[in-house]
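Structural description and commentary
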Amino acid sequence: PTPKPIAFSTPKPTIPQDPLKSATYDDSFKAPRCFTVGRGCDSGASLLKSRGNMSPAEPHASNTIDNCKDGDEGFYHFDESIDRVTISSTNGGLLTEATEALVEASVWAYSKDADFADFWYAADAASPDWQFIETVQPATSASLDIISTNYTLPVGRNQAVRVVFRFGGEAGSC
């Protein structure tokens, strides 16, 4: 499994902001995090690239807020990996409680028939109780694919999303 969470804040802002916020690595959460509220949060192209200690090694592996470890087996951009995760409001406004959000994961898929992305969220990144959103399969094999799902943000000021990208098996938050 390749679990990738992003922690983000959801205060009750009053002034809209335009672009997606760029996540930075947060040593306290051990994962990418957006520290200010905006219409979205983007891990960027480098924070999640690769998986575990696969060559090249993922920066800050495993990038999970609760010690869920990536697998190290396989080859970069041949076997499964997550390269980027974004979350954004679907209405163009700020990410706030009770609004719909779009979570997108840029994944390297090995097999469109056997790979699965499990999407999860937690209302409190400091003490995550992972809630399942849905499982999505990539549309292509042996290539980069962007897969996504929507969900409604729960009440919580320090929320997190997680994408677990797996070959076969059953859905799990880690």
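Report on the accompanying structure.

Rules used in this analysis
Every chain is numbered independently, its residues counted from 1 as its sequence is written. Predicted model: local features are reported for residues with pLDDT of at least 70 only, side-chain atom pairs are reported and counted for 80 or more only, and whole-chain, interface and lining totals are derived from all residues. Side-chain figures throughout are based on the complete set of non-hydrogen atoms in the structure, without hydrogens or water. Note on conventions: DSSP H or I runs of at least 4 residues are helices, E runs of at least 2 residues are strands, and numbering of each starts at the N terminus. Residue burial is assigned from relative accessible area. The probe radius is 1.4 Å, only protein chains are included, and a residue is buried under 20% of its type maximum, exposed over 50%, and partly exposed in between. Two residues qualify as a contact provided that any one of their heavy atoms is within 4.5 Å of a heavy atom in the partner residue. Surface exposure here means Shrake-Rupley accessible area, sampled with a 1.4 Å probe, where a residue is shielded only by the protein chains that are shown. Strands qualify as paired when DSSP identifies two bridges or more between them. Candidates for patches are residues over 30% relative accessible area with no salt bridge; among them, like charges are joined within 9 Å and nonpolar side chains (Val, Leu, Ile, Met, Phe, Trp, Tyr) within 5 Å. Salt bridges are defined by distance alone: a side-chain nitrogen of Lys or Arg within 4 Å of a carboxyl oxygen of Asp or Glu.

The next thing to look at is the overall build of the chain. Each helix and strand in the chain was counted, giving zero helices and 11 strands. Its helices and strands in sequence order give the chain the pattern β-β-β-β-β-β-β-β-β-β-β, from N to C terminus. In the chain, which comprises 174 residues, the proportion classed as buried is 52%. If you take every contact in the chain between residues at least 6 apart in sequence, the share linking residues at least 24 apart comes to 67%. When the accessible surface of the chain is split by element, carbon and sulfur atoms take 52% of a total near 7,800 Å².

We now examine the sheet that holds strand β5 (residues 40–42). Within the open sheet, the five strands sit side by side as β2-β5-β6-β7-β10. Their pairing is mixed. Looking along the sheet, the strands with just one partner apiece sit at the ends: β2 (21–22) and β10 (143–152). Note: strand β7 (residues 100–109) against β10, 10 bridges, orientation antiparallel. In the strand pairing of β10, leucine 102 is matched with asparagine 150.

Looking now at a nonpolar patch on the surface. On the surface, a nonpolar cluster with roughly 470 Å² of combined accessible area is contributed by Phe75, Phe78, Tyr110 and Phe167. Using a relative accessible area of 35% as the deciding quantity, one classes tyrosine 110 as partly exposed.

Another aspect to go through is the environment of valine 155. Along the polypeptide, valine 155 turns up in the loop between β10 and β11 (158–167). A sequence separation of 33 residues divides valine 155 from alanine 122, and the C-alpha atoms of the two residues are 9.9 Å apart. The contact partners of valine 155, leaving out residues within four places of it in the chain, are Glu97 and Ala123.

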